[in-house]
Amino acid sequence: MHSRLQPLIKGVLRRGARHLGSKPLVMRNTAPLVSFTFDDVPDSAYTNGAAILEQHGVRGTFYVASGICGSRDTHWRLIDPAQIRALHDAGHEIGCHTFSHVGVEDLDARQMAEECTQNQRRLLELCPGIALTNFCYPFGRASLPRKLQLQKRFDSCRGIYEGINAGVADLGMLRMIALYDRTLTSEKLRRALRETRERNGWLIFATHDVADPPSWIGCAPRLLRETVAAVLAENMPCLPIRDALAALGYRRPH
Ligand SMILES: [Zn+2]
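Each value, and the rule that gives it
Residues numbered from 1 in each chain as written. Predicted model: local features only at pLDDT ≥ 70, side-chain atom pairs only at ≥ 80, totals over all residues. Heavy atoms only, no water. Axes fitted to C-alpha atoms, helices over the stretch in contact; angles between N-to-C directions. Helix = DSSP H or I, 4+ residues; strand = E, 2+ residues; numbered from the N terminus. Left-handed = near helix turned anticlockwise from the far one by under 90°. Contact = heavy atoms within 4.5 Å. Nonpolar A, V, L, I, M, F, W, Y, C, P; charged D, E, K, R; others polar. Donors = N, O, S within 2.8 Å, 3.2 Å for Na, K, Ca; no water. Buried < 20%, exposed > 50% of the residue type's maximum accessible area, 1.4 Å probe, protein only. Disulfide = S-S within 2.5 Å. Expected span 1.5 Å × (residues − 1). Arc of directions from axis to C-beta. Core = buried A, V, L, I, M, F, W, Y, C linked by side-chain atoms within 4.5 Å. Pairing = 2+ DSSP bridges. Right-handed = clockwise from strand over helix to strand, strands pointing away.

## Observations regarding the packing of helix H2 (residues 43–55) against helix H3 (residues 81–89)
Close contact between H2 and H3 brings their axes to 10 Å; oriented N to C, the two are set at 35°. As for how H2 packs across H3, the hand of that crossing is left-handed. Facing Asp-43, Tyr-46 and Ala-50 of H2, the residues of H3 in contact are Gln-83, Ala-86 and Leu-87. A class-by-class count of the residues in the contact of H2 with H3 yields four nonpolar, one polar and one charged.

Listed below in structure tokens is the structure:
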């Protein structure tokens, strides 16, 4: 009985995280904003992704799970400690993606806190003075209790639900547009930019690797280059999440 109920409860809590318990921010940006974010951080997101952003004078947010950095996955090798430090030194934002890249809905409150503290501790060793103020849910999954816990600890948490953040943003579940070769057509990019401008919104792109060929959840260098160019042609500021929050008028509660 207990085991049959568990998936049901999980589903209810996951839907709760999507629709309930928001952390609302009335957006006060004076211009539409764009952010480029990278999850897990395959080394190609460093060698190609960060390089392309920097060529355009743009900085991004890289959500790191430092417990698995340097390891090899099916699709890629993850960035190593030296590359994390280089990203930080170049002015990119390092965000929290848990320590061991674990689905947060499987954790209790104490384990969740420990995952974040461990990641912060490890990244502090690498980058003295670093503050991890923004979070991204591994696998995009959350439960309502963990969302409430994380949105209190961090300024923002990004999910994988598609959309433009506009009007009142939910800082506990920021929306995004996937920057994948598989899904981001030029028509979809045009529509997303139009909506961002019309609603004075905040468009957050999310991807993983930046490789040729990319994985099914990544993009080729060419698509990233074209997307950055399209955004800059619209004169939309491209900011890491922490700086976009400041531009939205977010103030951390004391
Ligand atoms: Zn991830």
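## Topic: the coordination of the zinc ion
Listed as protein donors to the zinc ion are Asp-40 (OD), His-97 (NE2) and His-101 (NE2); their distances from the metal cover 1.9 to 2.1 Å. Mapped onto the sequence, the donors of the zinc ion take the spacing D-x56-H-x3-H. Here Asp-40, found in the loop between strand S2 (33–39) and H2, pairs with His-101, found in the loop between strand S4 (93–96) and helix H4 (109–126); they are 61 residues apart in sequence, far enough to count as distant. His-101 shares its class with Asp-40; the two are buried.

## Let's talk about the state of the cysteines
All told, the structure shown has zero disulfides when counted by the stated rule. With no disulfide of its own, Cys-96 lies closest to Cys-116 among cysteine sulfurs, the gap being 4.4 Å. Its relative accessible area of 0% is what places Cys-96 among the buried residues. Unpaired in terms of disulfides, Cys-219 finds its nearest cysteine sulfur in Cys-238, a separation of 14 Å. The class for Cys-219 is buried, based on a relative accessible area of 0%.

## Things to note about helix H7 (residues 221–233)
With 13 residues, H7 ought to run about 18 Å at 1.5 Å a step, and its terminal C-alpha atoms sit 18 Å apart, in line with that. What H7 keeps buried is the set Pro-221, Leu-223, Leu-224, Thr-227, Val-228 and Val-231. For H7, the buried positions fall inside an angular range of 165° around the axis, keeping them on one side. Those residues of H7 that are exposed and aimed more than 90 degrees away from the buried face are Arg-222 and Ala-233. In this fold, the buried residues of H7 make contact with S2, H2, helix H6 (186–198) and strand S9 (202–207). The first or second residue beyond H7 is Asn-235, which carries a positive phi of 60°.

## Some thoughts on the nonpolar core
Soluble globular proteins tend to bury their nonpolar side chains together. Core analysis: the largest hydrophobic core is formed by 52 residues, its most contacted members being Phe-36, Ile-84, Ile-94, Phe-135, Leu-150, Phe-205 and Leu-224. Among all residues touching Phe-205, those that are not within four sequence positions of it are Val-34, Ser-35, Phe-36, Thr-37, Ile-177, Leu-179, Leu-184, Leu-189, Thr-227 and Val-231. In terms of nonpolar packing, the next biggest core, distinct from the first, is built from 22 residues, Trp-76, Leu-78, Tyr-180 and Ile-217 among them.

## Considering the pairing of S9
The buried fraction of S9 is high, at six of six residues. Side-chain alternation along S9 places Trp-202, Ile-204 and Ala-206 on one buried face and Leu-203, Phe-205 and Thr-207 on a second face that is also buried. Sheet topology note: the S2/S9 ladder contains six bridges and is parallel. Paired with Ser-35 across the bridge in S9 is Ile-204. Pairing of strand S8 (residues 174–178) with S9 involves two bridges; the strand directions are parallel. Bridging across to S9, Ala-178 finds its partner in Ala-206. Taken together, S8, H6 and S9 form a β-α-β motif whose crossover is right-handed.

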